[in-house]
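# Structural characterization, general
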Amino acid sequence: GQNIDQPTEMTATEGAIVQINCTYQTSGFNGLFWYQQHAGEAPTFLSYNVLDGLEEKGRFSSFLSRSKGYSYLLLKELQMKDSASYLCAVRASGGSYIPTFGRGTSLIVHP
Amino acid sequence: KAGVTQTPRYLIKTRGQQVTLSCSPISGHRSVSWYQQTPGQGLQFLFEYFSETQRNKGNFPGRFSGRQFSNSRSEMNVSTLELGDSALYLCASSLSLGGNEQFFGPGTRLTVL
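If you're wondering where the values come from, they're calculated on a predicted model, not measured in any experiment.

## Thoughts on empty space enclosed by the protein
According to the stated counting rule, one finds one cavity of 30 Å³ or more in the structure shown. Space inside the largest cavity adds up to approximately 60 Å³. Considering the residues around the largest cavity, the lining is formed by A:F33, A:Y35, A:R91, A:Y97, A:I98, A:P99, B:E48, B:S94, B:G98, B:G99, B:N100 and B:Q102. Classifying every residue of the lining of the largest cavity by side-chain character gives five nonpolar, five polar and two charged.

## A look at the state of the cysteines
Think of a disulfide as a covalent bridge from one cysteine sulfur atom to another cysteine sulfur atom. Within the structure shown, the criterion is met by two disulfides over all chains. There is a disulfide in this structure between A:C22 and A:C88, and the S-S distance comes to 2.0 Å. One quick way to see it: the torsion about the S-S bond of A:C22 and A:C88 is about -65 degrees, and its sign makes the bridge left-handed. With a gap of 66 residues between them, A:C22 in strand β3 (residues 18-25) and A:C88 in strand β9 (residues 84-91) connect regions that are remote in the sequence. For A:C22, a relative accessible area of 0% gives the class buried. The exposure class of A:C88 is buried, given its relative accessible area of 0%. Residue pairing for B:C23: its cysteine sulfur links by disulfide to B:C91, the two sulfurs lying 1.7 Å apart. Here the S-S torsion is close to -50 degrees, and the disulfide linking B:C23 with B:C91 is therefore left-handed. You can see B:C23 sitting in strand β3 (residues 19-24) and its partner B:C91 sitting in strand β9 (residues 87-94), a full 68 residues away along the chain. Note on accessibility: B:C23 and B:C91 belong to one class, buried.

## Section: the sheet that holds strand β1 (residues 5-7) of chain B
Residues and elements named next belong to chain B. Spatially, β1-β3-β8-β7 is the arrangement adopted by the four strands of the open sheet, whose pairing is antiparallel. In this open sheet, the two edge strands, each paired with only one partner strand, are β1 and β7 (64-68). Sheet twist, expressed as the average angle between the axes of neighbouring strands with direction ignored, equals 20 degrees.

## Brief notes about the sheet that holds strand β6 (residues 53-57) of chain A
All names here are of chain A. The five strands are arranged β1-β3-β8-β7-β6 in an open sheet whose pairing can be described as antiparallel. Of all strands in the sheet, those with a lone pairing partner are β1 (3-5) and β6, marking the two edges. Strand after strand, the sheet turns through a mean of 15 degrees between neighbouring axes, direction not considered. Pairing of β6 with strand β7 (residues 60-65), which is carried by five bridges, proceeds in the antiparallel orientation. Considered in β7, the bridge of L54 is made with F63.

## Some points on the interface of chain B and chain A
Tallying the contact residues gives 20 residues for chain B and 15 residues for chain A. Carbon and sulfur atoms supply 57% of the area buried between chain B and chain A, which totals about 1500 Å² over both sides. The three residues of chain B that bury the most area against chain A are B:L43, B:N100 and B:F104, which together make up 33% of that side's buried surface. Taken together, the connections running from chain B to chain A amount to zero salt bridges.

## Some words on the confidence of the model for chain A
The predicted model of chain A has a mean per-residue pLDDT of 92, with 96% of residues at 70 or higher. Taken element by element, chain A is modelled with least confidence in strand β10 (residues 99-101) of chain A, mean pLDDT 88, and with most confidence in strand β8 (residues 70-75) of chain A, mean pLDDT 98.

## A word on the layout of surface pockets
Volume-wise, the largest pocket comes out at about 530 Å³. In terms of lining residues, the largest pocket is bounded by 23 residues, among which A:Q2, A:P99, A:T100, A:F101 and B:L43 are the most central. Where the lining of the largest pocket is concerned, the elements lending two or more residues are β1 and β10 of chain A together with β5 (42-50) of chain B. Looking at the lining of the largest pocket residue by residue, the class counts come to nine nonpolar, 11 polar and three charged. In this structure, the second largest pocket occupies an estimated 440 Å³ of space.

Calculation rules
- Residues numbered from 1 in each chain as written.
- Chains lettered and ligands numbered in written order.
- Predicted model: local features only at pLDDT ≥ 70, side-chain atom pairs only at ≥ 80, totals over all residues.
- Heavy atoms only, no water.
- 1 Å grid on protein atoms, 1.4 Å probe; cavity = no way out; pocket = protein on both sides within 12 Å on 5 of 7 lines; lining within 4 Å.
- Points joined across faces, edges and corners; volume = space filled by probe spheres on them.
- Nonpolar A, V, L, I, M, F, W, Y, C, P; charged D, E, K, R; others polar.
- Disulfide = S-S within 2.5 Å.
- Helix = DSSP H or I, 4+ residues; strand = E, 2+ residues; numbered from the N terminus.
- Buried < 20%, exposed > 50% of the residue type's maximum accessible area, 1.4 Å probe, protein only.
- Pairing = 2+ DSSP bridges.
- Axes fitted to C-alpha atoms, helices over the stretch in contact; angles between N-to-C directions.
- Contact = heavy atoms within 4.5 Å.
- Buried area = accessible area lost by both parts, 1.4 Å probe.
- Salt bridge = Lys/Arg side-chain N within 4 Å of Asp/Glu carboxyl O.
- pLDDT = per-residue confidence, 0-100.

Structural data, given as structure tokens:
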């Protein structure tokens, strides 16, 4: 089976930097995804990591360490519109392409 | 390019009824996956279709079924509805089976009374 853990809720201040962690235990590994989901809306794809290291995409960066079963999503220069739920999802190896999602981290950005 | 569309957006049913939800993927996308999202369980995978064939199935009872048509549009059906089936049902499309980037539709909010 797979187990994915991420904090339930985080708060941060507009303009600051926030790091959302995700730890996972899977039978094999074939990629980790981050999605953003605003309340009442569909999740939108943010990043995909399959190799160790940092992937930067504008204000958002995602890091992966396969040996530690650990990833984080880094959000810089926070804006109010970044208030959303951030979902970490892991795809195990072995033929199935289906990602397993964590419960999500609700990020609240204060002015 | 139009995004993933789902119909209906909202649905209210009573226990024991059945329901059919529809999903139209992004043009050119051939893989369609369905997910159930609830506050308690988060986002859970239901099934994935590619080339009109179910390729993967999640851990849901047989009351949940689906199909995909030759134009890649997909439907999912839930029979004998239970209160616990109340959820947001999301459809996601990708170019190929196991595509790294999935695009989600707005979802269908199902309420079972």
